[in-house]
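Observations on the model geometry
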Amino acid sequence: MTKSQRENLKQMLINEADFWTSGRIKNLIQERFSVTYSKREVQRLIRIMGMYCYKPQPRDHRQRPDHADQLSQRLQAVVDVLDMGTKDLTQMAIGFADESTFQTYGNAARLWSFHKGRIRATNTNRTRQNCFGFYAIRGQSLLIPIEVGNEQTFLAMLDKIKSSHLTYQGVILIWDNHPAHVTSAIEAKAHKLGIYLVNLPTYSPNLNPIERLWKVIKRRLCEVDLIANVAVLNQLIEDAFNEASVGCSFAKKWIEDFWNIIFWKSPIPNSV
């Protein structure tokens, strides 16, 4: 292709779609410019044009465009309530809660080896462990094995969060809209314990930094050759959580987008 044709191709790729496969680009070049390239030649060409190859982060199409503004308003409402009362924002713990399920067998990791076709021994009984996590950017992060994620479980989790933050004046807890997170019993218990609940906008897990922490744990579990039983699984999960939850690295963007704007009166949380 000539330089002019490459520029025209680049504009077509930019204007017609956000994401392309090399095969689709190959067909486009052949259809629009009557030039036939191999897949390798196409990949070389699109790298020269400055295209990136990555796995796009999925986002639910039902997510509202103003989801970040919604969360900002909910956080601001909590700050306003604290400012009008006797609570000191600088003495409030703050963290993100969520549930996740882990299993003894995961085949999502691509692994390098000098031995082509080598079989990997794994425990394929798919034993599962549900966990509740509280990822604190000020306060104590918690990981608690649970049976099921229902109202009674989350009432107990509120007690555990409170008991781990007795030296704080209260806790700001950010989590999603799981049906068992928004019951009247949960709201009453949180109010009694001095826990301020902030529900994320619907279909917005990207606004909950603990989701990234879960992904790191699952990736590490995939790297383990053999997880023999649930006891080993639980220990691996706990070790990975304790290591990953130190500091605020998973919440860095959240802090930039929300904390630095809404909580500016309060010191920066744990080291980012």
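The following paragraphs examine the structure supplied in this document. Keep in mind the model is a prediction, meaning the values are calculated, not measured. (Residues numbered from 1 in each chain as written. Predicted model: local features only at pLDDT ≥ 70, side-chain atom pairs only at ≥ 80, totals over all residues. Heavy atoms only, no water.)

1. Focus: the nonpolar core
Of all hydrophobic cores here, the largest spans 39 residues; its most connected members are Ile-172, Trp-254 and Phe-263. Residue assignment for this core shows that the elements contributing at least two residues are helix 4 (67–84), strand 1 (92–103), strand 2 (128–138), strand 4 (170–175), helix 7 (210–223), helix 8 (230–244) and helix 9 (252–262). Beyond its immediate sequence surroundings of up to four residues, Phe-263 is in contact with Leu-75, Val-79, Leu-89, Ile-94, Ile-172, Trp-254 and Phe-258. Listed in part, the 21 residues of the second largest apolar core include Phe-134, Leu-158, Val-171 and Ile-195. (Core = buried A, V, L, I, M, F, W, Y, C linked by side-chain atoms within 4.5 Å. Buried < 20%, exposed > 50% of the residue type's maximum accessible area, 1.4 Å probe, protein only. Helix = DSSP H or I, 4+ residues; strand = E, 2+ residues; numbered from the N terminus. Contact = heavy atoms within 4.5 Å.)

2. Some thoughts on the pairing of strand 2
Burial runs high along strand 2: nine of the 11 residues are buried. Here 10 bridges tie strand 1 to strand 2, and the two strands are oriented antiparallel to one another. Paired with Ile-94 across the bridge in strand 2 is Arg-138. Linking two consecutive strands that pair antiparallel, namely strand 2 and strand 3 (residues 142–146), is a turn of three residues; a positive phi of about 130° is found at Gly-139 within it. (Pairing = 2+ DSSP bridges.)

3. Concerning the packing of helix 1 (residues 3–16) against helix 2 (residues 22–33)
Relative orientation of the contacting elements helix 1 and helix 2 amounts to 125°, with a least axis distance of 11 Å. With respect to helix 2, the axis of helix 1 lies oblique. Two packed elements cross with a definite hand, and for helix 1 against helix 2 that hand is right-handed. Between helix 1 and helix 2, the residues in contact are Gln-5, Asn-8, Leu-9, Met-12, Leu-13 and Glu-16 and Ile-25, Leu-28, Ile-29, Arg-32 and Phe-33, respectively. A class-by-class count of the residues in the contact of helix 1 with helix 2 yields seven nonpolar, two polar and two charged. (Axes fitted to C-alpha atoms, helices over the stretch in contact; angles between N-to-C directions. Parallel < 35°, antiparallel > 145°, perpendicular 65-115°, else oblique. Left-handed = near helix turned anticlockwise from the far one by under 90°. Nonpolar A, V, L, I, M, F, W, Y, C, P; charged D, E, K, R; others polar.)

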